[in-house]
Amino acid sequence: MMGRVQRMNAPAVQTAPTPLEVAIRHVGVRETSRNQGPEIALFWNDTSYPAGDENREPWCAAFVCFCLAEAVRQGWRPRVKALPREAAVRYFLDWCRGRYGVEVWENDGKRPPQAGDIAVFLLRLSHIGFVESISGRTLTTIEGNTDAGGGREGDGVHRRQRALSFPGWFVRFLSFA
């Protein structure tokens, strides 16, 4: 008599969260006063300017730095040897340019972004956030220090709809699978 082989369900493999997944978990975080709050203070710790919270500085780039660093702390493996710690959008973009493991391209309509890319809104806005999805000519983003009107001096972490035609750049951190 042949024995029956009982198949056991393999345990679910836990994968490290991506920076976008970290960002999504923070949708709904709100300031308790202008550019301050307990969670927002944590975002500044992953920048070269941890006093940004005390000085009530805009914190959109600090949020992106935090999401990148938190994903690494939880096991995400980018191909860069170090992460940006730039609290200003323009310097964040400068840090990324020419860096191994990071792709940067101008938003000229020739190369579409993907979920997880970072949208850098420069020239008029000086703001930054994660691309969550693309539908036609519209981006859905997760952004820190924004509001329902899409300003860069907002009140929390929000999901935003933005025209894909914005002036600026995209940044992609390559990772090891």
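Our subject in this report is the structure included herewith. (Residues numbered from 1 in each chain as written. Predicted model: local features only at pLDDT ≥ 70, side-chain atom pairs only at ≥ 80, totals over all residues. Heavy atoms only, no water.)

With that out of the way, let us pick up unusual backbone geometry. Here Asn-35, not a glycine, exhibits a phi torsion of approximately 60°, which is positive. Locating Asn-35 in the fold gives a position in the loop between helix 1 (19-25) and helix 2 (38-44). A relative accessible area of 0% means that Asn-35 is categorised as buried. (Helix = DSSP H or I, 4+ residues; strand = E, 2+ residues; numbered from the N terminus. Buried < 20%, exposed > 50% of the residue type's maximum accessible area, 1.4 Å probe, protein only.)

Here Gly-156 shows up in strand 5 (residues 156-163). Here Gly-156 falls in the buried class, since its relative accessible area comes to 0%. Separated by 13 residues in sequence, Gly-156 and Glu-143 have C-alpha atoms that sit 8.2 Å apart. With residues up to four places along the chain from it excluded, the contact list for Gly-156 reads Val-29, Arg-30, Glu-31, Trp-59, Glu-143, Gly-144, Asn-145 and Thr-146. (Contact = heavy atoms within 4.5 Å.)

Summed over the entire model, instances satisfying the criterion amount to eight salt bridges. Of the charged contacts in the structure, one is a salt bridge between Asp-94 and Arg-97, with a shortest N-O distance of 3.2 Å. Under the relative-accessibility criterion, Arg-97 is labelled partly exposed at 38%. Here Arg-172 and Glu-103 are joined by a salt bridge, their closest N and O atoms 3.7 Å apart. Here the residue Arg-172 occupies a position in strand 6 (residues 168-173), and Glu-103 occupies one in strand 1 (residues 102-106), the gap between them amounting to 69 residues. (Salt bridge = Lys/Arg side-chain N within 4 Å of Asp/Glu carboxyl O.)

This part takes up the nonpolar core. Within the largest apolar cluster, 37 residues are counted, with the highest numbers of intra-cluster contacts made by Phe-43, Phe-92, Ile-118, Val-120, Ile-128 and Phe-173. Counting residues per element, this core draws most heavily on helix 3 (residues 60-73), at ten residues. In terms of nonpolar packing, the next biggest core, distinct from the first, is built from eight residues, Trp-105, Ala-119, Phe-121 and Leu-164 among them. (Core = buried A, V, L, I, M, F, W, Y, C linked by side-chain atoms within 4.5 Å.)

Further remarks concern helix 4 (residues 89-96). Buried within helix 4 are the following residues: Val-89, Phe-92, Leu-93, Trp-95 and Cys-96. Viewed end-on, helix 4 has its buried residues packed into an arc of 160°, placing them on one side of the element. Those residues of helix 4 that are buried are in contact with helix 3, strand 1, strand 2 (118-121), strand 3 (127-135) and strand 6. Gly-98 sits one or two positions beyond helix 4 and adopts a positive phi of about 75°. (Arc of directions from axis to C-beta.)

So, about the side chain of His-26. Examined against the element boundaries, His-26 turns out to sit in the loop between helix 1 and helix 2. Overall, His-26 belongs to the buried group, its relative accessible area being 17%. Among the polar contacts made by the side chain of His-26, one reaches the main-chain carbonyl oxygen of Val-22 at a distance of 2.8 Å. Residue contacts for His-26: discarding those within four places in its chain leaves Phe-43, Phe-63, Phe-66 and Val-157. (Polar contact = N/O pair within 3.5 Å; in protein donor to acceptor, adjacent residues only side chain to side chain.)

Once that is clear, we can look at the pairing of strand 6. Counting buried residues along strand 6, six of its six residues qualify, which places the element largely inside the surrounding structure. Inspection of the sheet shows strand 1 paired to strand 6 by five bridges, in the antiparallel sense. Bridge pairing in strand 6 places Val-104 opposite Val-171. Pairing between strand 2 and strand 6: four bridges, direction antiparallel. The residue bridging Phe-121 from the neighbouring strand is Gly-168, located in strand 6. (Pairing = 2+ DSSP bridges.)

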